[in-house]
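Descriptive analysis of the structure
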Amino acid sequence: MAHRKFSLPALAGLLLATLALPAAAANIYKYLDENGGTVFNSYIPAEYVSKGYTILNAQGQVIQVVPRAATPEEIAAQAASKAAEEQALADRLVQQENDKLLTRLYRAPDEIERKRDYTLDQMKTQQDLARMGLTKAGAEVARVQAIIDTAKKEGREPSADAVKKIEDAKTEESVLQAQINKMETDKAKVIADASRDIMRLREIMGLPPIPLEQTLPAPVSAATTDESASAEQPAAQ
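What you see is a predicted model, and the numbers here were worked out from it, not measured in a lab.

Low pLDDT marks regions whose predicted coordinates should not be analysed in detail. Overall, the prediction assigns the protein chain a mean pLDDT of 86, with 82% of residues at 70 or greater. Confidence over residues 16-23 falls short of pLDDT 50; this stretch has four contacts with residues more than four positions distant or in other chains.

Interaxial distance between helix H3 (residues 72-105) and helix H5 (residues 160-204) falls to 11 Å at its minimum, and their mutual angle equals 90 degrees. Relative to H5, the element H3 lies roughly perpendicular. Facing H3, whose interface residues are Gln95, Asp99, Leu102 and Thr103, H5 presents Asp197, Arg200, Leu201 and Ile204.

With that settled, consider the layout of surface pockets. Its boundaries defined by the atoms lining it, the second largest pocket holds a volume of some 240 Å³. If you go around the second largest pocket, the residues you meet are Gln95, Asn98, Asp99, Leu101, Leu102, Leu105, Tyr106, Arg196, Asp197 and Arg200. At the level of elements, H3 and H5 are the ones that each hand at least two residues to the lining of the second largest pocket. Here the element with the most residues in the lining of the second largest pocket is H3; it accounts for six residues.

Cut-offs applied
- Residues numbered from 1 in each chain as written.
- Predicted model: local features only at pLDDT ≥ 70, side-chain atom pairs only at ≥ 80, totals over all residues.
- Heavy atoms only, no water.
- pLDDT = per-residue confidence, 0-100.
- Contact = heavy atoms within 4.5 Å.
- Axes fitted to C-alpha atoms, helices over the stretch in contact; angles between N-to-C directions.
- Helix = DSSP H or I, 4+ residues; strand = E, 2+ residues; numbered from the N terminus.
- Parallel < 35°, antiparallel > 145°, perpendicular 65-115°, else oblique.
- 1 Å grid on protein atoms, 1.4 Å probe; cavity = no way out; pocket = protein on both sides within 12 Å on 5 of 7 lines; lining within 4 Å.
- Points joined across faces, edges and corners; volume = space filled by probe spheres on them.

Here you go:
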């Protein structure tokens, strides 16, 4: 059924005519048609509902404004915005808990530095031991490989014991190298976490900010590196 459109004079007549009608029957709907023209009607066609409309009473007063339905893109944007707000709130709560823990564990930034340096020193000791083991495993691989090579030159099959020993030594090499690599990763994390905590604690305590470089541990001296390398050399057989 075609809907009726009213001009403004006709609307005035319509409003006057509806004064004597019950309130429930006196509502007038205002909406835009397909050409963008304003329409006043006693009902709103279904195809225009999603575009938004205004409900007027018999006196022409606005009873309700129904906004247009959101597009799929707008719905997606609203969902993304809501998710971002929820994530931001969750991040703030986590930061608050982290701040409480940080202030309970440390009274000043230098305490974080001392804890970091102690942890790095312990990790360096473990790493040095692993490197020593790696050197010994490499020497064992070379020793047994020489035995195997000699047997092959003499036309003999290497003994099962020699084959097992070199396999075990190579496995140990792989395990120790993986441990050393992991410790390097762990050390980097310890340093990064300490720098983050130092800067955050300074902020909480109202201390002036400092460059990231000032939160890092002092570089290892060349002398210390040489001593570590010397300690890793196997003793002469």
